[in-house]
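Observations on chain architecture
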Amino acid sequence: MFLLDYIVNLSIFSLLVSSPLVIRSFFNHKPIKHARLWIGVYGGIVSVILIMLSIHEQGYSYDIRYAPIILIFAYMGPIAGIITGSFGLIARLISSGHWETAISGWAAMMIGFTIIYYFTKRYTPFIKSIILSSSYILIYIITVPIVFNVFRDNPFFHIQYILFVILGVILGFLLIESYVKLHRLNNRLSDMYRMVEASESKYRLIAENTSDLIMVMDKEHTLTYFSPSHEMVLGYQNCELEDVKLCRFIHPDDVEFFKNTIDRMFDCKESQALEFRLSHKQGRWIEFESRCVPVSGDNGEVEHIVIISRDISERKKAEEFLLQSEKLSIVGELAAGVAHEIRNPLTTIKGFIQLSKWENGADEINDLLLSELARIETITSEMLTLGKPQAVQLHRMSLRELVENTLELLSPQAIMQNIQFNLSVEDSAFFITGEKNQLKQVLLNILKNAMEAMPEGGTIHIDLQKGDEGECILAIKDEGCGIPEELLPRLGEPFYTLKEKGTGLGLMICNKIIKQHHGSITYQSKAQQGTLVEIKLPLAL
Ligand code: ADP
Ligand code: MG
């Protein structure tokens, strides 16, 4: 029966200690205002309940009300401890007699605990609990059997009582500590979770908003990770890339080099730079420059390779263009030099022919030679002006004359390619205000495009007429391969070319020059039916 009381008391005490701790763990851990006071009061209520459960033996009742008092002193200090103790004392006085014993015992304990608390302030609750429990035992022994002469000859009774209280303290201490430890662990886990989330969101911000391709590849060359940028750059959906071999998307000419380099990286564990082409979902190839970094696992072996790739098609085009323009400028310089050198002997030849004409009288051969020489002269001087860099100066000029000169410049090439120019002009000079060389560049490029579109030869119709709104309209129509409708909007984009040796800059420059001259340029075309380019320029007053 006695053991049962013992167990009931301790169980109810454990329940009363753990319930507020568990309840509190469900709420936000905001600090409570006047925590000492409230905890002291709660401790007091626990003491009262414990007194109500007190065990009666040989006319003497005993309980474990000192267990909460010791714990509250150890964790919350003397104020809360004394509040708890006071509740206990009042309940004790109401429930049974021996008032002097109870009051003086209580006072001795409270004073003793308060003094001890101040000496053990720096220690952990564990050490405080041990010291407070020891002093409880000491004060109990001094007061109860010795001073008040209670069951002095029955040490078993006192041992039983002290054990009872100490067991309560141990149980309460274990419950509080395990809660505190769990609480700390939980806080640390939440902090870690927050940190991981923050770093993950930072990483996601980078991976999701970069135009570079980030991928992770394993030993079998299978993609184990690919950044969302793949969809934007290559056009594939995520599910199309999951667990596939990267080699599937690499240009057949680059696959072997790629495989060898990657396999070597697994052995030598060194980073490498690579260039390869990947296929876009729509079938075109995109050039990438990649940095490949091997990542070792716990065993020191390379397990993955991180590949960060950047689209370098535009850069490659720009490099090619630079190379091309460098070449063109050298060729231009050479042409200008050659033209200059040709002009001197030409003057001599012309002089001698004129002399012979003057001496021997005019004949057909002389006239023919002179007219051919005049043609050579025009062409060389044209080449000289084209090659020379010139300041932009607007002049009143005849568009008709410019068209005629340009056609003349191109006619040798046209004859070679079996192309005829068919010029139809209204009877007018078509004066406009503009920069002669720039406009000539426009005509040259459009006519050259037309000629290049007709490898089999044919006729190019050039039509110059006045428009309804005081402008002149120059229409150049070829019979060439034409441009598919869906590609028309791309004309004039820098580097857009379908020619193997094209620069894709001609029409862009034409658009710019015509815009500077306040005119407009339009392209109409159908595949295999030829192209019509229409330039409108304002007429000069
Ligand atoms: P490039 O001549 O160097 O290619 P352009 O800017 O002059 O560059 O022309 C861009 C592209 O437009 C050409 O590659 C060609 O495909 C197309 N194009 C332009 N003019 C014509 C035309 N008259 N007929 C067919 N295609 C044309
Ligand atoms: Mg061109």
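Residues numbered from 1 in each chain as written. Chains lettered and ligands numbered in written order. Predicted model: local features only at pLDDT ≥ 70, side-chain atom pairs only at ≥ 80, totals over all residues. Heavy atoms only, no water.

Our next topic: the state of the cysteines. The full count for this structure, using the stated rule, is zero disulfides. You can see C472 has no disulfide; the closest cysteine sulfur is in C510, sitting 16 Å from it. (Disulfide = S-S within 2.5 Å.)

A separate point is a nonpolar patch on the surface. Together, L138, I141, I142, I146 and V147 make up a nonpolar patch on the protein surface, roughly 450 Å² of accessible area in all. Position of I141 relative to the elements: it lies in helix α6 (residues 125-147). Using a relative accessible area of 37% as the deciding quantity, one classes I141 as partly exposed. (Patch = residues over 30% accessible without salt bridge, like charges linked within 9 Å, V, L, I, M, F, W, Y side chains within 5 Å. Areas by Shrake-Rupley, 256 points an atom, 1.4 Å probe, with all protein chains shown as cover. Salt bridge = Lys/Arg side-chain N within 4 Å of Asp/Glu carboxyl O. Helix = DSSP H or I, 4+ residues; strand = E, 2+ residues; numbered from the N terminus. Buried < 20%, exposed > 50% of the residue type's maximum accessible area, 1.4 Å probe, protein only.)

Next up on the list: the packing of aromatic side chains. All chains considered together, the criterion is met by 11 aromatic pairs. Between the aromatic rings of Y136 and Y140, the centroid separation amounts to 6.1 Å while the plane-to-plane angle is 35 degrees, which identifies the pairing as tilted. Of this pair, Y136 and Y140 both sit in helix α6, four residues apart, roughly one helical turn. The class for Y136 is buried, based on a relative accessible area of 1%. Assessed through its relative accessible area of 3%, Y140 is described here as buried. Seen in terms of ring centroids, F151 and F157 are 4.7 Å apart; in terms of plane orientation they differ by 65 degrees. Their pairing is edge-to-face. In this structure F157 comes out as buried when scored by relative accessible area, which is 1%. Each residue in the set Y66, Y136, Y140 and Y161 is aromatic and connected to the rest through ring pairs, giving one cluster. (Phe/Tyr/Trp six-rings, centres within 6.5 Å; stacked < 30°, edge-to-face > 60°.)

Moving on, we come to the coordination of the magnesium ion (ligand 2). Here the magnesium ion (ligand 2) is held by N445 (OD1) and N449 (OD1), and the distances to it run 2.3 to 2.6 Å. Linking N445 with N449, this pair stays in helix α14 (residues 436-452), spanning four residues, or about one helical turn. (Donors = N, O, S within 2.8 Å, 3.2 Å for Na, K, Ca; no water.)

Around ligand 1 there are 20 residues in total, and T497, L498, K499, T503 and L507 lie nearest to it. In this structure, an oxygen atom belonging to ligand 1 sits 2.5 Å away from a side-chain N or O atom of T497. Between ligand 1 and L498 there is a distance of 2.8 Å, counted from an oxygen atom to a backbone nitrogen or oxygen. In isolation ligand 1 exposes 540 Å². Once the protein is present, 93% of that is buried. Among the elements of the structure, α14 and α15 (506-516) are those that each provide at least two residues to the shell around ligand 1. Looking at the shell around ligand 1, the element that brings in the most residues is α14, giving three residues. (Near = heavy atom within 4 Å. Polar contact = N/O pair within 3.5 Å; in protein donor to acceptor, adjacent residues only side chain to side chain.)

This part covers the domain arrangement of the chain. Where interface size is quoted, it is often the accessible area lost as the parts come together. Segmentation of the chain into domains returns domain 1 (2-187), domain 2 (210-311), domain 3 (317-387) and domain 4 (395-538). Put simply, the middle of domain 2 and the middle of domain 3, counted by C-alpha atoms, are 56 Å apart. (Domains from an automatic or database assignment.)

The next thing to look at is the sheet that holds strand β9 (residues 419-425). Here five strands make up an open sheet; going across it, the order is β9-β11-β12-β14-β13 and the pairing mixed. Each edge of the open sheet is held by one strand with a lone partner, namely β9 and β13 (520-526). In this sheet, neighbouring strand axes are inclined to one another by 15 degrees on average, regardless of whether the strands run parallel or antiparallel. As defined by bridge partners, strand β12 (residues 471-477) adjoins strand β14 (residues 530-538) across seven bridges and the pair is classed as antiparallel. Each residue of the ladder has a partner; that of I473, found in β14, is K536. Strand contacts of helix α13 (residues 399-416): β9, β11 (458-466), β12 and β14, with the helix running at about 165 degrees to β9, the strand carrying the most contacts. (Pairing = 2+ DSSP bridges. Axes fitted to C-alpha atoms, helices over the stretch in contact; angles between N-to-C directions. Contact = heavy atoms within 4.5 Å.)

You can see E471 is positioned in strand β12. Despite its burial, E471 pairs with no opposite charge; the closest candidate is K536, at 4.4 Å N-O. Looking at E471, its side chain comes within polar contact range of the main-chain nitrogen of E469, at 3.0 Å. With near-sequence residues (within four places) excluded, E471 lies in contact with Q465, K466, K536, L537, P538 and L539. (Lys, Arg positive; Asp, Glu negative; His and termini not counted.)

We now examine the packing of helix α3 (residues 66-76) against α6. Their axes nearest at 9 Å, the elements α3 and α6 cross at an angle of 135 degrees. One way to sum up the angle between α3 and α6 is to call them oblique. Handedness of the crossing formed by α3 with α6: right-handed. Between α3 and α6, the residues in contact are Y66, I70, F73, A74 and Y75 and P125, K128, S129, L132, S133 and Y136, respectively. (Parallel < 35°, antiparallel > 145°, perpendicular 65-115°, else oblique. Left-handed = near helix turned anticlockwise from the far one by under 90°.)

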